[in-house]
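Examining the three-dimensional arrangement
Given next are the chains, with one letter for each unit.
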Amino acid sequence: MSAHLTEEEQIEAFKRWWKDNGTNTLAVIVIAIAGYFGWQGWQANKQAQKEGASAMYQQLSDIAATGQDLSESQLVEVATLGEQIKEQYKSSQYAINAALVLAKYAVAENNLDEAKKQLQWADRHTEDPATKAVISQRIARLAIAQGQLDEALDLVSSAPLEEFTSAFAEVKGDALAAKGESSKAYDAYQEALASLPSEQGNRRQFLEMKRDQYATEKSLVEAK
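Looking now at the packing of aromatic side chains. Considering all chains together, one arrives at 2 aromatic pairs under this definition. Measuring from centroid to centroid gives 5.9 Å for Tyr 57 and Tyr 94, while their planes differ by 50 degrees, and the two rings are tilted. Here Tyr 94 lies in helix H3 (residues 93-108) and Tyr 57 lies in helix H1 (residues 2-64), a separation of 37 residues in the sequence. Using a relative accessible area of 18% as the deciding quantity, one classes Tyr 57 as buried. Given the relative accessible area of 24%, Tyr 94 is considered partly exposed.

And the structure:
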């Protein structure tokens, strides 16, 4: 009998607990289930976006792979695809790469302002230090071509990563040479040579040629 009463007491205790806490407990369960399916849906949507961006970028790459000299219709298609990728998938690496492709073809068309705009867009939408370093070099080279030499020097004043020290020093040398500061250009090219990664040895002869153009001016400065 006592066992039966104990069971009844347990049932009554549960009823009282459910009356006091059941609604909150049910809400927690509902939220947990909704959260689970929401997460699953977000993951599925993210995967679908990735696949969509990949497919569009593949189309862009296929056209770009045909060469630098594209027909008018191909250039229009490249521009259309590139802008669509940037608009629809702006947080993806595909969008960054699309902007770089658009910049490349803008340079080929001698539209340096458009090329710079595309590169600046890519820079704003990436957090990757290596990508930012590549973009800074390219914008600096455009600035040199446009005669904006101080802007170029600001962009390559300091390499964000050690492996870019040589490349930044080379662009710095190009800007200084364009300014007529031959001795400083020599020093920059010398720095580029001194910090040249071993795997980029094919650049050495070219850098030496650049540096040696200003050897005489460097000697004159040191002789003073």
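Quick look at helix H7 (residues 165-178) now. The terminal C-alpha atoms of H7 lie 20 Å apart, and with 14 residues this matches the ideal 20 Å at 1.5 Å per residue to within 8%. In terms of burial, H7 is largely enclosed, as 10 of its 14 residues are buried. Among all positions of H7, only Ser 166, Ala 167, Phe 168, Ala 169, Glu 170, Val 171, Gly 173, Asp 174, Ala 175 and Leu 176 are buried. The secondary structure elements touched by the buried residues of H7 are helix H5 (129-145), helix H6 (149-155), helix H8 (182-194) and helix H9 (204-212). Count one or two residues on from H7 and you reach Gly 180, which has phi positive near 85 degrees.

Right, let's talk about the packing of H3 against helix H4 (residues 112-124) for a bit. Put simply, H3 and H4 touch, their axes get as near as 8 Å, and they point 165 degrees apart. Classified by the angle between their axes, H3 and H4 sit roughly antiparallel to one another. Crossing hand, H3 versus H4: left-handed. Residue-level inspection shows Ala 95, Ile 96, Ala 99, Leu 100, Leu 102, Ala 103, Ala 106 and Val 107 of H3 in contact with H4, the latter providing Leu 112, Glu 114, Ala 115, Gln 118, Leu 119, Trp 121 and Ala 122.

Attention shifts here to the environment of Leu 75. You can see Leu 75 is positioned in helix H2 (residues 72-88). Between the C-alpha atoms of Leu 75 and Tyr 105, which are 30 residues apart in sequence, the distance is 8.1 Å. Look past the residues within four positions of Leu 75 in its chain and what remains in contact with it is Leu 70, Tyr 105 and Glu 109.

Quick notes on the rules
Residues numbered from 1 in each chain as written. Predicted model: local features only at pLDDT ≥ 70, side-chain atom pairs only at ≥ 80, totals over all residues. Heavy atoms only, no water. Phe/Tyr/Trp six-rings, centres within 6.5 Å; stacked < 30°, edge-to-face > 60°. Helix = DSSP H or I, 4+ residues; strand = E, 2+ residues; numbered from the N terminus. Buried < 20%, exposed > 50% of the residue type's maximum accessible area, 1.4 Å probe, protein only. Expected span 1.5 Å × (residues − 1). Contact = heavy atoms within 4.5 Å. Axes fitted to C-alpha atoms, helices over the stretch in contact; angles between N-to-C directions. Parallel < 35°, antiparallel > 145°, perpendicular 65-115°, else oblique. Left-handed = near helix turned anticlockwise from the far one by under 90°.

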